[in-house]
Each structure stands twice: as structure tokens, then as C-alpha cells.
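Residues per chain, in single letters:
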Amino acid sequence: MLELNGAAFGAMQQSYGGDTFNTAVYLTRCGAGAIKAWYATALGDDALSLELERRWAQDGLALDLVRHIPGRMPGLYQIQVDAQGERRFSFWRDNSAAKAYFEIAETPLEARIGEWDAFYFSGISLAILPADGQNRLLAFAQALRKRGATVVFDNNYRPSLWPDIAVARDCFSRAFAVADTALITADDHQALFGFDSLALAVAAAQDLGVFEVVIKRGAAPTLVRSGSGPWHSVPTQTVTNVVDTTAAGDSFAAGYLSRRLRGNTPEDATQFGNRLAARVIAHHGAIIPLDAMADLL
Ligand code: ADP
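About the cut-offs
- Residues numbered from 1 in each chain as written.
- Predicted model: local features only at pLDDT ≥ 70, side-chain atom pairs only at ≥ 80, totals over all residues.
- Heavy atoms only, no water.
- Helix = DSSP H or I, 4+ residues; strand = E, 2+ residues; numbered from the N terminus.
- Pairing = 2+ DSSP bridges.
- Axes fitted to C-alpha atoms, helices over the stretch in contact; angles between N-to-C directions.
- Contact = heavy atoms within 4.5 Å.

Please give an account of the environment of Gln58 that cites residues and values.
For Gln58, the position within the fold is in helix H2 (residues 47–58). In this structure the C-alpha to C-alpha distance between Gln58 and Ser233, which are 175 residues apart in sequence, comes to 37 Å.

As C-alpha cells, then:
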């Protein structure tokens, strides 16, 4: 999505971002040349779309899965800091190009199914798609997993993107069923499934039946388990100056996957995800400058 940062009718800074996009950028950085990230989405044929794509290429993403849909536009959001210092988001994405990604007989993502080692998608990927697109995405994930690739689902739950919570619950349950790895933000799991306490949400996440599960709980230790192994509790970093929690979970996912894809243990990968996320929340913006994280790579 395009980002406009600034007050209404003031000067606004233009940028771009989005949850899976942030993860793709951080994954490329953490992969240090050993991991290539393709980003599958759709843009229009307008000037902003073309400029976005040019910048994404500079970020190091492989873009040959991006569709260009004439007449559609990228989604847009505005961030404004209110009088209390809270960030407020406004979105214009109801008719975004990305929503129409699957409105074609076979997408480039599906056509090249034999090429992918891993596929990462989130609750927001599902939320923005119409029902047909959700079905296509989940069928693709299932087929990919059958071929031996790793399917990773990140449970970003944004209630405002779902007209009906029952539909969201059903869609997330289907996503957990096709995933080998679930990255769970405990708060989101609680909100979606209506648990009375965070402890109940964590217990339910531990019981999901997904092969590998990571449960993130903000500053509290992160829980991780793979297969029939034990649960590990991995401390987060102490961050004394949290300035912007945007992309905490997105960067965690990238850090975690960058290590898992290179054969590190789930505990090591969690520790690295926690270190990267701690660095990201100590800086402004979703994508922090590369030199602010260079010592971690
Ligand atoms: P999300 O961004 O997905 O809502 P969380 O708030 O659980 O997720 O945060 C994701 C990760 O960011 C955590 O697992 C942790 O590594 C890091 N993190 C978030 N808040 C803090 C904090 N206050 N101190 C240290 N690390 C944090």
C-alpha cells in the first residue's frame, strides 16, 4: 500500500508498507543473499503503481509475481499522530488492485507452484480477498504443502477488515489447517476467538494442532514448539525506548523465518526474531534504515 504520513491538509510524506510487504523486506535483508523473497500482489498501471514497483525492486524483492491490473489502484493509508501521541490509521483499500489478485484463471504464483520452498501469508492477506480469492489462496497453500514446501501463516487479525467475525474464524481455522508453521500474536488470537483471558488464548494456541507454533506476547517471553518437542520460553529483549511498534510482528516473522529456512533451531530462530523486532520498535516507521540493523545481520 501507499502510505501518507502527516496531518490532514498538512504536508504529507509519501511512503509505502503493509504487513506481508514489511516481512518480505526484512526477510530479504536477513537472508543476506541466501534467501530470495518474491512478493505476490497486484498493482495498477498508474504512475504511483509503477513508482512503487521501482522502489520495491530497490528493496531487493523479486517482483515477477506482481500482476498489473489496468484501472485498479494500490491501496492507500494515512497515518496521523493525534494530540495524545497515538497513531491513527485511515485506509482506502476497498477497491485495491491486490484484492483482485486471484481474478484470473491462473496467477503467476499458482503457475510456478513447483518453484517455492516456503510460502508466507497472513490474516490480512485473507481479509482483503473476496471469498473466491480466499479459497484459491488456501487451496494453493494446501497444494504447495503437499509438494513438501513450508507453509507459514501469521495470524494478524484486524477486525475492521472482516464484515463478519464468523467468516473470519472459519477462514483462520482453514489457514491453521493448511499451515505447518503458525505465528500467533496472542492478543489477536484472543480477540478473534473471544477468549475471556490471554491465558486461555495462549492455551488454545498451544493446542492448535499445527506442527510448529510460535506464540508472541509483546514484551513477555515468546513460546515456541516444533513437532512433538517441548515448549520453549524465549525471553524478549529489554527495550527502554519503544518509539513505534509498527511492524514488530512483521519483522519478528522475517527474523524467525530467515533462521528456520537456513536450518537453525526454533529456539535460535525465536531469539533472533525477538532481537530484530526489538530493534525495529526502537525506531520510527515500519521499515527501519538498513544501517540501524546491520550489526544483527
Ligand atoms: P504484533 O506486532 O504481531 O502484534 P507483538 O506485540 O506480540 O506482535 O510483538 C511481536 C514481537 O515484537 C514480540 O514477540 C517481541 O519480540 C517484540 N516486542 C513487542 N513489544 C515488545 C517490547 N515492549 N519489548 C521487547 N520486545 C517487544
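Let's pick the thread back up.
How would you summarise the sheet that holds strand E1 (residues 2–5) if you had to cite specific residues and measurements?
Across the sheet, four strands lie side by side as E2-E1-E5-E6; this open sheet has mixed pairing. Only two strands of the sheet have a single partner each, and these edge strands are strand E2 (13–16) and strand E6 (87–92). The sheet shows a mean angle of 25° between the axes of neighbouring strands, direction not considered. Helix-sheet contacts for H2 involve E1 and E2, and the interaxial angle to E2 is about 65°.

Tell me about the sheet that holds strand E10 (residues 212–217), and please be specific about residues and values.
Strand order in the open sheet formed by six strands is E7-E8-E9-E10-E11-E12, and the pairing between neighbours is mixed. Sheet topology places strand E7 (118–122) and strand E12 (232–234) at the edges, where each strand pairs with a single neighbour. Adjacent strand axes in the sheet meet at a mean angle of 15°, parallel and antiparallel pairs treated alike. Note that E10 and strand E11 (residues 220–226) share five bridges and pair antiparallel.

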